[in-house]
Amino acid sequence: MNIELRHLRYFIAVAEELHFGRAAQRLNISQPPLSQQIQQLEHEIGAQLFTRTNRSVQITPAGQLFLQDARVILLQVEQAASRAARVHSGQEGELRIGFTSSAPFTGLVSDALYQFRQRWPEVHISMQENNTRQQLAPLHEGRLDLGVMRNTPLPSDLQHRVLLREPLCALVHWAHPLADAETISIQALANEPFVFFDPQGGTALYGETLALLHRYQIKPFITQEVGEAMTILGLVATGLGVSILPASFRRARLADVVWIPLQEHDAISEVWLVWSATRQPTAQMHNMMQLMMQNAEI
């Protein structure tokens, strides 16, 4: 069966006008080709859609049923075309973003997400919390569109943009002797019990913070190893040790934890936006990348 969309449009025009001449004018074609197209449609279907006399055109019961379905089909085609165009332009569709546990505490990221939602409310944003290491394979395989992570060695097929360089701070219990200091040197933590990340957890902050400590010849006395930064905050709040985290986590506002800026100039952590270098960015990706890069604090 060879029925084209133009056949449906021609048929609907005739069915609504019940006059081949008026239907032809409406379609901006001549009447003989219109009559031929309707005859061809009836032949393809195997049913008479109209009864014709010299004075009138009437739609048959088969034609009435076909008219209902033809209108639905054309509407679905128009809606599908509209959706495809909106997805292509970034107004609809899906955006899959991986993020580390610290990303929601970063004003740059939360502001970009809010602005994106206001501008493109029909784009579904799927947020997937993963540590830095866990984001690499999904980005490589196309299961994530963008990743927000801490600085880490990347495979050659991923590229990045630095969004933020934020200071690292010492965390101590409010009753700790260092709690009243405005700033401290990292050396002040050399002999303190550390609450720190599990080395198997996959967070980039583990290697980043250890590298900082090693640069200053400090081998931390680690007494507690946990998987999440929020757990570190909770344990510091109970007085089980000190730790080091990026300043953005201060938004968690735990009353028993005191944040003290570190004096070392290299006590910083970078937040990266990461994407595949081998995949063409979608309009949705491009729009989010633009928002984040516009707000980048570097």
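Throughout, residues of each chain are indexed from 1 in the direction in which the sequence is written. Note on the predicted model: pLDDT of at least 70 is required for a residue's local features to be given, and 80 or more for side-chain atom pairs to be given and counted; whole-chain, interface and lining totals, by contrast, use all residues. Just so you know, side-chain values use all the structure's heavy atoms and leave hydrogens and water out.

Novice: Go over the overall build of the chain, please, and point to the residues and values.
Specialist: When you go through the chain residue by residue, the secondary structure sums to nine helices and eleven strands. Expected size for 298 residues packed as a compact globule is a radius of gyration near 19 Å; at 32 Å, the chain overshoots this value by more than 25%. Type-normalised accessible area, obtained with a 1.4 Å probe on protein chains alone, sets the label of each residue: buried when under 20%, exposed when over 50%, and partly exposed for intermediate values. Taking all 298 residues of the chain together, 46% fall into the buried category. A separation of at least 24 residues holds for 74% of the contacts in the chain among residues at least 6 apart in sequence. Accessible surface is estimated by sampling points in the Shrake-Rupley manner with a 1.4 Å probe; for residues, cover comes only from the protein chains shown. Accessible surface, the chain as shown: approximately 15,400 Å² in total, 50% of it carbon and sulfur. Counted charges follow a simple rule, with Lys and Arg positive, Asp and Glu negative, and His plus the chain ends left uncounted. In this description, the location of a charge corresponds to atom NZ of lysine, CZ of arginine, CG of aspartate or CD of glutamate. Within the chain, one finds 23 positive and 28 negative side-chain charges whose respective centroids are separated by 10 Å. Helix numbers and strand numbers start at the N terminus; a helix is a DSSP run of H or I with at least 4 residues, a strand a run of E with at least 2. Computation of the radius of gyration draws on C-alpha atoms, with the globule rule given as 2.2 Å multiplied by the number of residues to the power 0.38. Whether two residues are in contact is decided by their heavy atoms: any pair within 4.5 Å suffices.

Novice: So what's going on with the packing of helix α1 (residues 5-17) against helix α3 (residues 31-45)? Which residues, and what values?
Specialist: Here the axes come from fitting lines to C-alpha atoms, over the contacting stretch only for helices, and the angles between their N-to-C directions go from 0 to 180 degrees. Viewed as axis vectors pointing N to C, α1 and α3 meet at an angle of 110 degrees, and their least axial separation amounts to 10 Å. Considered as vectors, α1 and α3 are oriented roughly perpendicular to each other. For the pair formed by α1 and α3, the contact residues are Arg-6, His-7, Tyr-10, Phe-11 and Val-14 on the first element and Leu-34, Gln-37, Ile-38, Gln-40 and Leu-41 on the second. When its residues are assigned to classes, the contact of α1 with α3 shows six nonpolar, three polar and one charged. For classification purposes, angles smaller than 35 degrees are called roughly parallel, those larger than 145 roughly antiparallel, those between 65 and 115 roughly perpendicular, and all remaining angles oblique. When residues are sorted by character, Ala, Val, Leu, Ile, Met, Phe, Trp, Tyr, Cys and Pro go into the nonpolar class, Asp, Glu, Lys and Arg into the charged class, and all the rest, Gly among them, into the polar class.

Novice: Account for the UniProt feature "domain: HTH lysR-type" (unreviewed entry) in the chain, with residues named and values stated.
Specialist: UniProt positions are given in the numbering used here, feature names are shortened, and annotations may be inferred rather than shown by experiment. Residues given the UniProt feature "domain: HTH lysR-type" (unreviewed entry) here are residues 3-60. Taken end to end, residues 3-60 has its terminal C-alpha atoms 19 Å apart, with 62% of it in helix and 10% in strand.

Novice: Outline the packing of aromatic side chains, supporting the account with residue identities and numerical values.
Specialist: Any two aromatic rings considered together are summarised by their centre-to-centre distance and by the angle between their planes. Any two rings among Phe, Tyr and Trp, with Trp reduced to its six-membered ring, count as a pair given centres within 6.5 Å; such a pair is stacked if its planes are under 30 degrees apart, edge-to-face if over 60, and tilted if neither. Under the counting rule described, the total for this entry stands at seven aromatic pairs. Where Phe-11 meets Phe-50, the ring centres are 5.4 Å apart and the plane angle is 45 degrees; that geometry is what we call tilted. Note that Phe-11 is positioned in helix α1 and Phe-50 in strand β1 (residues 50-52), a separation of 39 residues in sequence. Phe-50 carries the same exposure label as Phe-11, and that label is buried. Each member of the aromatic cluster is reached from another via a ring pair, and the members are Phe-11, Phe-20, Phe-50 and Phe-66.

Novice: Describe the packing of helix α5 (residues 107-119) against helix α9 (residues 283-294), naming the residues involved and giving the relevant values.
Specialist: Between α5 and α9, whose axes approach to 9 Å, the crossing angle comes to 135 degrees. Taken together, α5 and α9 sit at an angle that is classed as oblique. The hand of the α5/α9 crossing is right-handed. Across the interface between the two elements, Leu-108, Val-109, Ala-112, Leu-113, Gln-115, Phe-116 and Arg-119 of α5 pack against Gln-284, Asn-287, Met-288, Leu-291 and Met-292 of α9. Within the contact of α5 with α9, the residues separate by chemical class into eight nonpolar, three polar and one charged. It is the rotation of the near helix from the far one that decides the hand of a crossing: anticlockwise by less than a right angle makes it left-handed, clockwise makes it right-handed.

Novice: Could you give an account of α9, naming the residues involved and the relevant values?
Specialist: By this rule, a helix spans an expected 1.5 Å times one less than how many residues it contains. Between its first and last C-alpha, α9 extends 16 Å over twelve residues, near the 16 Å set by a 1.5 Å rise per residue. Among the residues making up α9, those that are buried are Gln-284, Met-285, Asn-287, Met-288, Met-289, Leu-291, Met-292 and Met-293.

Novice: Could you give an account of the pairing of strand β9 (residues 243-246), naming the residues involved and the relevant values?
Specialist: Burial of the side chains of β9 extends over both faces: Ser-243 and Leu-245 are buried on one face and Ile-244 and Pro-246 on the other. DSSP-based pairing: two strands are paired if at least 2 bridges between them are found. The sheet contact formed by strand β6 (residues 158-173) and β9 spans four bridges and is antiparallel. Looking at β9, one finds that Leu-168 is bridged to Pro-246.

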